[in-house]
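Coordinate inspection notes
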Amino acid sequence: MNSTLVQASATDYRQGFASLDREVRLAALPLEGTLPPWLEGTLLRNGPARFTVGSERYRHWFDGLAMLHRFGIAGGSVSYANRFLQSPAFREAERTGRIARPEFATDPQRTLVERLGGSFGSGSSDNANVNIVPFADGYLALTETPAPVAFDGESLETRGVLAYDDDVRGQITTAHTHHDRERRATFNVVIDVGRKSHYSVVRIADGTLRRTPIASIGVDEPAYLHAFSATARYIVIAEYPLMVRPLDLLLRRKPFIDNYAWKPQRGTRFVVIDKDSGDRVGVYESDAFFAFHHINAFEDGDAVVLDICAYDDAKIVEDFKLDRLCAGGDSGIAVPALRRYRLVPGRSAAELESFPDAAIELPGIAPAQATKSYRFAYGAGAGERSHIFDRLVKADMRTRSVTTWSAAGAFPGEPVFVARPGAVDEDDGVLLSVVLDAAAPSSY
């Protein structure tokens, strides 16, 4: 594996792909301006932080070893702490000094016997660097394999990988779950890859790790699914034509995602499932496109409206490989478009509504508007020649207008909207984003 990292200039976004090794705990960060007096609480983040182990280097942005970050906001000041997630993948890499487990786009050098002894279809081991959800008296860090890692939200101490209390089969899962307050349950999609592959929609009662299947969808070649949508009554799976032949995951000597092939002739399919009965209430087709993230979905009469960060194809998966990100050059990453699809009962085609100039990724909305009609979406954005996200975006779904924030040498991450207590207007609040200041080089 290539272990050489490009030397980035002082104002270069590539500073963000240098391995972070230090764990710190700071009582107060430098602060410019004044925080709203009502803004108090804890912001927890996770993400890839270490991209090299010994002389070996991970191949993809999504592969880096996970780090937890905690921002404590109180009394007008902000504290900060970070710790590596002590997953088995991390501990084994620390012990051996080499990449020990297969990740999204990186496979350690293993013999055929070692490959056959590993988990079939494993995508990201237990290196949970994608998402965080509350659980019991702590939190779970999640990735695209069913191996949630528990940790303490105050100390960031890792408690260990938790086993699901059920016999649901599947090697891959979506990293972004949906919590339903009314049903007091979390929904997710589990993918079982085998002779008879299928997607299982599962329901997990609050405070448990028991997944109850509510629907099963058989497929010959499973698609790569990172997220899905939920409305008040339905689950919506968008099945893109980035697909894999089951045997390829076992027999090919390739990293997980490199086994998937883009098959645009198949188009993209939306499957709508009733949350309570598990009935398949609609299947809709569209021209081929790809997405990592859904923004929101809601019901409009009998129709389902779904907003998504859509790419024309799956090139973005290659764009996020570290060699490409760190090479610089003239070409930028693929830029997504905010698309709205309307799924109308009795029609087989998904109806597309375009939102011009709304390039948005890593999206979020006001939490109170989840599964409801809403007005504002937030995210990180990039221009046509950008190599990585270089602005924050606010999209007004009503007026179809877009507002952006950017600064020289600033590269923001996923924004989180926090509503002001008692707010009436949907956008009455603050937006929190961790921003790389490449000139420092550090983040703020």
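First, a word on what this report is: a plain description of the structure on this page. Quantities reported herein were computed from a predicted structural model and do not represent experimental measurements.

1. Description of unusual backbone geometry
- Residue Pro441 follows Ala440 across a cis peptide bond; omega there is -15 degrees.
- Along the chain, the position of Pro441 falls in the loop between strand 33 (435–437) and strand 34 (442–443).
- Positive phi, close to 65 degrees, is recorded for Leu156, a residue that is not glycine.
- With respect to the helices, strands and loops of the structure, Leu156 is situated in the loop between strand 9 (149–151) and strand 10 (158–161).
- Leu156 gets classed as buried once you look at its relative accessible area, which sits at 1%.
- A positive phi is found at Arg400, a non-glycine position, where the angle reads about 65 degrees.
- On the secondary structure map, Arg400 appears in the loop between strand 28 (391–396) and strand 29 (401–405).
- When its relative accessible area of 37% is taken as the criterion, Arg400 is described as partly exposed.

2. As for the pattern of salt bridges
- Counted under the stated rule, the structure contains 37 salt bridges.
- A salt bridge links Glu154 to Arg70, with the nearest nitrogen and oxygen atoms 2.9 Å apart. With Glu154 in the loop between strand 9 and strand 10 and Arg70 in strand 5 (residues 65–74), this residue pair connects regions lying 84 residues apart in the sequence.
- Exposure remark for Glu154: the relative accessible area of 47% places this residue in the partly exposed category.
- Arg70 gets classed as buried once you look at its relative accessible area, which sits at 12%.

3. Re the pairing of strand 22 (residues 294–300)
- Of all seven residues in strand 22, five are buried, a share of seventy percent or more.
- Where strand 22 and strand 23 (residues 303–310) come together, six bridges link them in antiparallel fashion. The partner of Asp300 across the bridge, within strand 23, is Ala303.
- Joining the antiparallel neighbours strand 22 and strand 23 is a turn of two residues, in which Gly301 adopts a positive phi near 65 degrees.

4. Remarks on the environment of Arg25
- Assignment of secondary structure puts Arg25 in strand 1 (residues 25–26).
- Along the chain, Arg25 and Ser125 lie 100 residues apart, while their C-alpha atoms are 28 Å from each other.
- Not counting residues up to four positions away in its chain, the partners in contact with Arg25 are Tyr80, Ala81, Glu154 and Ser155.
- Engagement of the side chain of Arg25 in a polar contact is seen with the backbone oxygen of Glu154, the distance being 3.5 Å.
- A polar side-chain atom of Arg25 sits 3.3 Å from the main-chain carbonyl oxygen of Ser155.

5. A few points about the sheet that holds strand 33
- Read across the open sheet, the three strands follow the order 30-33-34; overall the sheet is antiparallel. Strands at the two margins of the open sheet, each flanked by one partner only, are strand 30 (410–412) and strand 34.
- Strand direction decides the pairing type here: strand 30 and strand 33, joined by three bridges, are antiparallel. In the strand pairing of strand 33, Ala410 is matched with Asp437.

Definitions and limits used
Residues numbered from 1 in each chain as written. Predicted model: local features only at pLDDT ≥ 70, side-chain atom pairs only at ≥ 80, totals over all residues. Heavy atoms only, no water. Helix = DSSP H or I, 4+ residues; strand = E, 2+ residues; numbered from the N terminus. Buried < 20%, exposed > 50% of the residue type's maximum accessible area, 1.4 Å probe, protein only. Salt bridge = Lys/Arg side-chain N within 4 Å of Asp/Glu carboxyl O. Pairing = 2+ DSSP bridges. Contact = heavy atoms within 4.5 Å. Polar contact = N/O pair within 3.5 Å; in protein donor to acceptor, adjacent residues only side chain to side chain.

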